[in-house]
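# Coordinate inspection notes
Okay, here's what each chain looks like letter by letter:
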Amino acid sequence: MITVAVYDTKPYDRVSLQKAAKDAEIQWRFLDFRLMAETAPSAAGSDAVCVFVHDPLDRRCLEALAGQGVKLVVLRCAGFNNVDLVAAKELKIAVTRAADYSPYAVAEHAVALLLTLNRKIHRAYNRVRDQNFALAGLVGFDLHGKTAGILGTGKIGKIAAGILKGFGMRVLAYDTFPQADWAKSCGVEYVDIDVLARESDVLSLHLPLTPKTKFIIHRGTLDLMKAGAILINVSRGKLVDTAALIDALKSGKLGGVALDVYEEEEGVFYEDLSGMVLQDDELARLLVFPNVLVTAHQAFLTEEALSDISRVTVENIMALAEGRPFVKGTVLE
Ligand code: NAD
């Protein structure tokens, strides 16, 4: 029997992990708080820990885990910017992630946000429920014939590009590793990042957070963007300089902003803070713009994605238990 402490557990995690485990000999310890240096003693007696996007696994936390005999960190997400991989390697803790779960879930959420924001569905929904059937202020624009910019053409960016092509948009892209064959077959054109910012009516971010991509959308990029353009970020909050974004919104330059992620989301997203005083002034400011739509990091949240994540998580836990290699492509070094 292998023991796994699961941190930041939500009801859907519990259901889908237990379903994926079937009869596997896994002793789950579901914990609803996050793993960090201060909470690491709670991993005592566990062979592995299973974490999500907001568990900061810095050196101190990993040292505490190693001291308790934890051999494996299983990320039940794709992004891994929250783990100090150098420290993990030194401490001989293996780290795996859910690299390949449904990229459709995330790309489709980006498009859902775009359609909602552009056609003001969020505002129309509230109006109609209040028996306000007026249309003033709800004018959007046709996506057909407009230009979409995809920043990052990995698994998710490529799917988003394909969906937007389906709307009849011209699709431009930027990536440090452009995929010429894919672009040719889909009618997507790679351009440099300034051209992408300048020409896009809709700019959608599909990049990992790394030291190079932090604030890839900064004041200069926002200045380059078309008046009235829409910015979508379903990747990582720190890709966008929020202070600069708020200025661009206040000036009326941007047509709309949809965020599934936010620069300082840790400790806020995934929590029910209703009835409490929001302490983050930038988030509070973002929430009052009529042309800003925020969801709390839920782009991954489909049945298919949860089941893919749980399957690979269980496979990697059982690989540790049975001394087998981890699932190909999921090990982080
Ligand atoms: P991926 O690794 O398949 O693709 C990332 C792409 O970004 C690659 O093509 C890479 O070359 C490109 N890239 C990296 N650094 C770059 C740079 N400096 N400039 C330009 N391009 C660069 O990843 P993916 O599966 O498509 O996921 C993208 C990101 O989406 C993840 O890293 C994660 O942060 C985020 N994500 C969010 C959610 C959510 O629920 N909101 C869910 C899954 C993933």
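Anyway, here's the lowdown on the structure attached to this text. For clarity, every value in this text was computed on a predicted model and none was experimentally measured. (Residues numbered from 1 in each chain as written. Predicted model: local features only at pLDDT ≥ 70, side-chain atom pairs only at ≥ 80, totals over all residues. Heavy atoms only, no water.)

Using the criterion set out here, one finds four cavities of 30 Å³ or more in the structure. Of the volumes computed, that of the largest cavity is approximately 50 Å³. Forming the boundary of the largest cavity are Asp13, Ser16, Leu17, Phe52, Arg76, Phe300, Leu306, Ile309 and Ser310. Of all elements in the fold, only helix H1 (11-21) and helix H12 (303-322) reach the threshold of two or more residues within the lining of the largest cavity. Of the residues assigned to the lining of the largest cavity, the class counts are five nonpolar, two polar and two charged. (1 Å grid on protein atoms, 1.4 Å probe; cavity = no way out; pocket = protein on both sides within 12 Å on 5 of 7 lines; lining within 4 Å. Points joined across faces, edges and corners; volume = space filled by probe spheres on them. Helix = DSSP H or I, 4+ residues; strand = E, 2+ residues; numbered from the N terminus. Nonpolar A, V, L, I, M, F, W, Y, C, P; charged D, E, K, R; others polar.)

This next bit is on the site of the ligand. Lining the immediate surroundings of the ligand are 21 residues, of which Tyr101, Lys155, Ile156, Asp175 and Val234 lie closest. Between Arg236 and the ligand, the recorded distance is 3.3 Å, taken from a side-chain N or O atom to an oxygen atom. Within the side chain of His297, a nitrogen or oxygen atom sits 3.5 Å from a nitrogen atom of the ligand. Summarising the interface, the protein chains cover 86% of the accessible area of the ligand, which totals 860 Å² for the free molecule. The site holding the ligand turns out to be the largest pocket. By residue class, the composition of the shell around the ligand is 10 nonpolar, seven polar and four charged. (Near = heavy atom within 4 Å. Polar contact = N/O pair within 3.5 Å; in protein donor to acceptor, adjacent residues only side chain to side chain. Areas by Shrake-Rupley, 256 points an atom, 1.4 Å probe, with all protein chains shown as cover. Sits in = over half its atoms within 2 Å of the grid points.)

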